[in-house]
Amino acid sequence: MTLTLRQRIYVLSAILLVAVLGATAYVWQVRQDQAEQLANAPVVATVGDVGGISAQNHLVFRSTALGAEYGRVAMVPLSAPGGARAFTPASCDRVYATPADALCLSADRGLVTTYKAQLLDRSWAPTRDLPLTGIPSRARLSKDGSLAATTTFVFGDSYANPGQFSTRTIVTRTDGEVVGDIEKFTLTVDGKTITAADKNLWGVTFVDDDKFYATAASGGKTWLVHGSLSTQTVTALRGDVECPSLSPDGTRVAFKKHGDLPAGKWRLAVYDLRTGKETLLAETRSVDDQVEWLDNETAIYGLAQETEGSASSDVWKVPADGSGKPELLIKDAWSPAVVRVS
């Protein structure tokens, strides 16, 4: 049967009406679910003394407790990580901090989502915008707060398949000088220079104001690399390393490794830079985070909560020598940074 023009218009109108009603019902249900989650969310203990906590050794993190403060940067004393948290004015997707300053990567989610990286002073006020080229992934500052590294996910590189992403890691001096994209540094693996289009570098951890460690990847392989900002070179030290983090004493690197795990799964390990020994940590769950060091004996990291439908995460700790077992450090938290002022 052939439909007349008027009948086709009626059918199309009916289809559009059903689609609109369905979308409206979906949005309503999402909002109802969110309202229910907020109503059932546990109360988070807070204190107003940001200055008092920042004057002592403390932990800075992104709060993921459901409620009005979701996404805000908070801090707790290092001596009481499970205690009441003080909220700063900043909201970040990724945050890192030193006694001198903080680095905040954030997303402004709207009809068109935009991203920004900002340096914040000790009062948590923005002091400088830094280059940011994609979706926030990793953030690090050097110990003295003079260098910042940001890693983002970007789409559309010519070598990537549709839907795949690559990385951009920009190193900037916090006085405003842009050192550059370390992907453009000369990468050497086993004495050979890697020039493949799919070369990516990410997850910087600084040694000093020139040297750093990071992850390099090409051809489906990853390496721990040692780099120099002054010579713009990176050299592979060993394979199967992602998101390294240098220990406070500078002797070991904590990282996530893929090994023979399924795609998208990783195991935490520590690599001794002096002996070349690798130690698997007692955390057997898959961790997709750049580890932070609580001290020379303990690694800390973020993990999504396993409750179905939860939008929250927690920060855990585990001994760095492979002993013991994981323990909850901060509930409803993400992106931890240890700040020692003494």
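Keep in mind the model is a prediction, meaning the values are calculated, not measured. (Residues numbered from 1 in each chain as written. Predicted model: local features only at pLDDT ≥ 70, side-chain atom pairs only at ≥ 80, totals over all residues. Heavy atoms only, no water.)

S.K.: Break down the overall build of the protein chain for me, with residues and values.
M.R.: Of regular secondary structure, the protein chain possesses two helices and 27 strands. Here the protein chain holds 342 residues, and 47% of them are scored as buried. Excluding contacts between residues fewer than 6 apart, the proportion of contacts in the protein chain whose partners are at least 24 apart in sequence is 42%. (Helix = DSSP H or I, 4+ residues; strand = E, 2+ residues; numbered from the N terminus. Buried < 20%, exposed > 50% of the residue type's maximum accessible area, 1.4 Å probe, protein only. Contact = heavy atoms within 4.5 Å.)

S.K.: Which residues make up the sheet that holds strand β22 (residues 278–280), and what values go with them?
M.R.: Judged by pairing direction, the sheet is antiparallel, and its four strands sit side by side in the order β19-β20-β21-β22 without closing on themselves. The open sheet is flanked by β19 (242–246) and β22, the only strands paired with a single partner. Here the strands of the sheet are splayed against their neighbours by 25° on average, with no regard to which way each runs. Here six bridges tie strand β20 (residues 252–257) to strand β21 (residues 267–272), and the two strands are oriented antiparallel to one another. What sits directly across from K257, in β21, is R267. (Pairing = 2+ DSSP bridges. Axes fitted to C-alpha atoms, helices over the stretch in contact; angles between N-to-C directions.)

S.K.: An account of the environment of D121 is needed here, citing residue identities and associated values.
M.R.: Within the secondary structure, D121 sits in the loop between β7 (114–120) and β8 (126–130). As a C-alpha pair, D121 and A100 span 21 residues in sequence and 7.1 Å in three-dimensional space.

S.K.: An account of the environment of L268 is requested, with residue identities and associated values reported.
M.R.: Within the secondary structure, L268 is located in strand β21. According to the relative accessible area criterion, L268 is buried, its value standing at 1%. Along the chain, L268 and K256 lie twelve residues apart, while their C-alpha atoms are 4.5 Å from each other. If we skip the residues at most four places from it in the chain, L268 touches F255, K256, L280, L281, E283, V287, V291 and Y301.

S.K.: Could you give an account of the pattern of salt bridges, naming the residues involved and the relevant values?
M.R.: This structure, assessed with the given rule, holds 15 salt bridges. Measuring nitrogen to oxygen at the nearest pair gives 3.5 Å for the salt bridge that ties R173 to E177. Of the residues examined, E177 reaches a relative accessible area of 45% and is grouped as partly exposed. Among the ionic contacts, a cluster of salt bridges with common partners joins R138, K256 and D288. (Salt bridge = Lys/Arg side-chain N within 4 Å of Asp/Glu carboxyl O.)

S.K.: Quick rundown of the side chain of T98? Include the residues and the values.
M.R.: With respect to the secondary-structure elements, T98 resides in the loop between β5 (94–97) and β6 (102–108). Those residues in contact with T98 that lie beyond four places of it in its chain are L141, S142, K143, G145 and V339.

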